[in-house]
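# Structural overview
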Amino acid sequence: MLLTYSFLQQLLAGLVTGAHGAVGSTHNFMPLVFERMMENIKKGELQKARQEQMYVQKLCRVMYRYGKATVETCIYTIGW
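These numbers were taken from a predicted model, which means no experiment stands behind them.

## Regarding helix α4 (residues 68–78)
Taken residue by residue, α4 has V71, E72 and I75 as its buried positions. The buried side chains of α4 occupy one side of the element, clustering within an arc of 100° when seen end-on. When the buried face of α4 is taken as reference, the exposed residues oriented beyond 90 degrees from it are A69 and T77. Elements that come into contact with the buried residues of α4 comprise α3 (46–66).

Next comes the structure, spelled out in structure tokens:
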């Protein structure tokens, strides 16, 4: 059975405890961050994976502060 995880702020924990992937709209405009996180986990480089997770958490705080749709629109407009 394959499991996916959707809480972006906690994705690292989900992947480390057995999730095989992630589902979320944020992946559409920053897929490389999530790819790096997953690759670092596979390599056993948890500190690097944690740095990517912290980056995601910072972005989530901005989205919660200004509204997810507003932030996503800005990112799509300027090109991440």
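## Thoughts on the confidence of the model for the protein chain
Here the protein chain averages 81 in pLDDT, and 90% of its residues register 70 or above. Between the elements of the protein chain, mean pLDDT differs from a low of 68, seen in strand β1 (residues 4–5), to a high of 90, seen in helix α2 (residues 31–43).

## Notes on α2
Turn by turn, an α-helix covers 3.6 residues, leaving residues three or four places apart pointing in a common direction. Spanning 13 residues, α2 covers 18 Å between terminal C-alpha atoms, matching the ideal 18 Å at 1.5 Å per step. All of the buried residues along α2 are V33, F34, M37 and N40. Summarising the axial view, the buried residues of α2 lie within an arc of 125°, below the 170-degree limit, and thus occupy one face. In this structure, α2 carries L32, K42 and K43 as exposed residues pointing more than 90 degrees from its buried face. Where the residues of α2 are buried, they touch α1 (11–16) and α3.

## Describing the packing of α3 against α4
One can describe the packing of α3 onto α4 by two numbers: an axis separation of 6 Å at closest approach and a directional angle of 120°. Relative to α4, the element α3 lies oblique. Contacts between α3 and α4 involve L59, V62, M63 and Y66 on the former and, on the latter, K68, T70, V71 and I75.

Cut-offs applied
- Residues numbered from 1 in each chain as written.
- Predicted model: local features only at pLDDT ≥ 70, side-chain atom pairs only at ≥ 80, totals over all residues.
- Heavy atoms only, no water.
- Buried < 20%, exposed > 50% of the residue type's maximum accessible area, 1.4 Å probe, protein only.
- Helix = DSSP H or I, 4+ residues; strand = E, 2+ residues; numbered from the N terminus.
- Arc of directions from axis to C-beta.
- Contact = heavy atoms within 4.5 Å.
- pLDDT = per-residue confidence, 0-100.
- Expected span 1.5 Å × (residues − 1).
- Axes fitted to C-alpha atoms, helices over the stretch in contact; angles between N-to-C directions.
- Parallel < 35°, antiparallel > 145°, perpendicular 65-115°, else oblique.

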